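Structure at a glance
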Amino acid sequence: MMADFPLLTVLWAVPMLGAAVIILLPSAARQFAKYAGIAVSLAVLAIALVLAVGFEPGGPNYQFVEDHPWIPSFGTGYILGVDGIALALVLLTAVLVPLLLLAGWHDAPDETAMSGRSTHAYVALTLAVEGMVLISLVALDVLLFYVFFEAMLIPLYFLIGGYGASAQGRSKAAVKFLLYNLFGGLVMLAAVIGLYVVTANSEVFDSGTFDFRAIVEAASTGQLNASPAVLHALFFGFLFAFAVKAPLWPFHRWLPDAAVQATPATAVLMMSVVDKVGTFGMLRYCLQLFGDSATLFRPFVITLAVIGIIVNIIAIKVVFEPGEPQPRYKYLWKQGLFAKRQHQAAHELATMLSLQVLTVKNFAHELLEGASADKTKALIEKFGKIGLSS
């Protein structure tokens, strides 16, 4: 029964449908929109746990496979499946999103912006990002993966540009984020088309295809019939897009602005969920489709990664030093500023949770000691002010 049930479709469709329903709620239902978002994200977590329980480590490479025609004339289909790496990232995404919705409970102010739907939009955009990330992780068709790899930029753009720091700063950061990633996507689109042409010219296929499993099998047996130069070029086309999104130094220049200007919850969503799709793409597509190219250019990629680590360490040291940044350190200061903000956000969250625990403890103590009615009422009001209510 489980094998016939489209579990992976339900996995990504639930947050997308939830986002559509929440954005259509009445403008006055701001609190209900938040609770609805939590409920939807918990439903996604439950589905992800069902996947994890049903996954067989010693079974086929791709499990819970769904294979339906999409555009047969282009050799593309609606093909979903999950392997061990994808399952780990699915669980990571499903666990983080409800926590981020809780952490960002007050990130969308109850104001009249967007026809009074600022809160609705914030929750819906977060769920939309989750749904698009999930289908990207389980897609086994190269074109299907590419579509949602790019589509997830749209809701994240509005999350960065619509909420967070100053309006001018966050708008600039959102545009920079979008332009960098769109350019990477355009390069990848050329590589996706090139891969289709290679499969069309290969004797092992009757026509061009985007079926990832079939292409990997042909690549592993050397039946793609493409020159090493062509495969290297396709490898770099995929790698460039993934390096921008991951991001890999020096293609990371959009990240400091976006991380600083976005709300802390959106910044974590971007860096811990969306950016991981870039790393996932390197492991799935670059390594499996272009194994020889990946081996040849491995020292180059490792060198960039090590440089990125060193630059970030220096940036964090510079930004935590007292005083204004020196002109020659402007870049490093900007690079490390988002780390400082995440540190401050974590401290504020811990303080808030401590206050809630202390208030509950005092409230229980006063009740057990037989506090007066007026004092009990005051404690209830105090607890309500620092709780989840807006």
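Treat the numbers as computed from the prediction; the structure is a model and nothing was measured. (Residues numbered from 1 in each chain as written. Predicted model: local features only at pLDDT ≥ 70, side-chain atom pairs only at ≥ 80, totals over all residues. Heavy atoms only, no water.)

As for helix α12 (residues 264-289)
Helix length check: α12 (26 residues) gives 36 Å between terminal C-alpha atoms against 38 Å at 1.5 Å per residue, within 8%. Within α12, the axis deviates most sharply at K276, by approximately 35 degrees. (Helix = DSSP H or I, 4+ residues; strand = E, 2+ residues; numbered from the N terminus. Expected span 1.5 Å × (residues − 1). Bend = angle between axes of the 7 residues up to and from the residue.)

Structural notes on the packing of helix α5 (residues 118-138) against α12
Contact geometry of α5 with α12 gives a least axis separation of 11 Å together with a crossing angle of 15 degrees. Looking at the two axes, α5 sits roughly parallel to α12. Helix-helix and strand crossings are classified by hand; for α5 and α12 the assignment is left-handed. Facing α5, whose interface residues are Y122, T126, V129, V133, S136 and L137, α12 presents A265, T266, L269, V273, V274, V277, F280 and R284. Here the residues of the contact of α5 with α12 are counted per class, giving ten nonpolar, three polar and one charged. (Axes fitted to C-alpha atoms, helices over the stretch in contact; angles between N-to-C directions. Parallel < 35°, antiparallel > 145°, perpendicular 65-115°, else oblique. Left-handed = near helix turned anticlockwise from the far one by under 90°. Contact = heavy atoms within 4.5 Å. Nonpolar A, V, L, I, M, F, W, Y, C, P; charged D, E, K, R; others polar.)

Considerations on the packing of aromatic side chains
Inspection of the entire model under this criterion finds 22 aromatic pairs. For the pair Y196 and F210, a centre-to-centre distance of 4.9 Å together with 20 degrees between the ring planes defines the contact as stacked. Taken as a pair, Y196 in helix α8 (residues 167-200) and F210 in the loop between α8 and α9 (212-220) lie far apart in primary sequence, 14 residues in all. For F210, a relative accessible area of 8% translates into the label buried. With centroids separated by 6.3 Å and ring planes inclined at 10 degrees, the aromatic side chains of F238 and Y285 adopt a geometry described as stacked. One end of the pair, F238, is in helix α10 (residues 228-245); the other, Y285, is in helix α12, with 47 residues separating them in the sequence. Owing to a relative accessible area of 0%, F238 belongs among the buried residues under this scheme. Exposure remark for Y285: the relative accessible area of 0% places this residue in the buried category. Members of the aromatic cluster, connected to one another through ring pairs, are Y62, F145, F149, F212, F238, F242, Y285 and F290. One Lys or Arg, K245, reaches over the ring of F149 and ends 3.8 Å from the middle of that ring. (Phe/Tyr/Trp six-rings, centres within 6.5 Å; stacked < 30°, edge-to-face > 60°. Buried < 20%, exposed > 50% of the residue type's maximum accessible area, 1.4 Å probe, protein only. Lys NZ or Arg CZ within 6 Å of the ring centre and 35° of its normal.)

It is worth stressing that arrangement in space is one thing and function is another; only the former is reported here.
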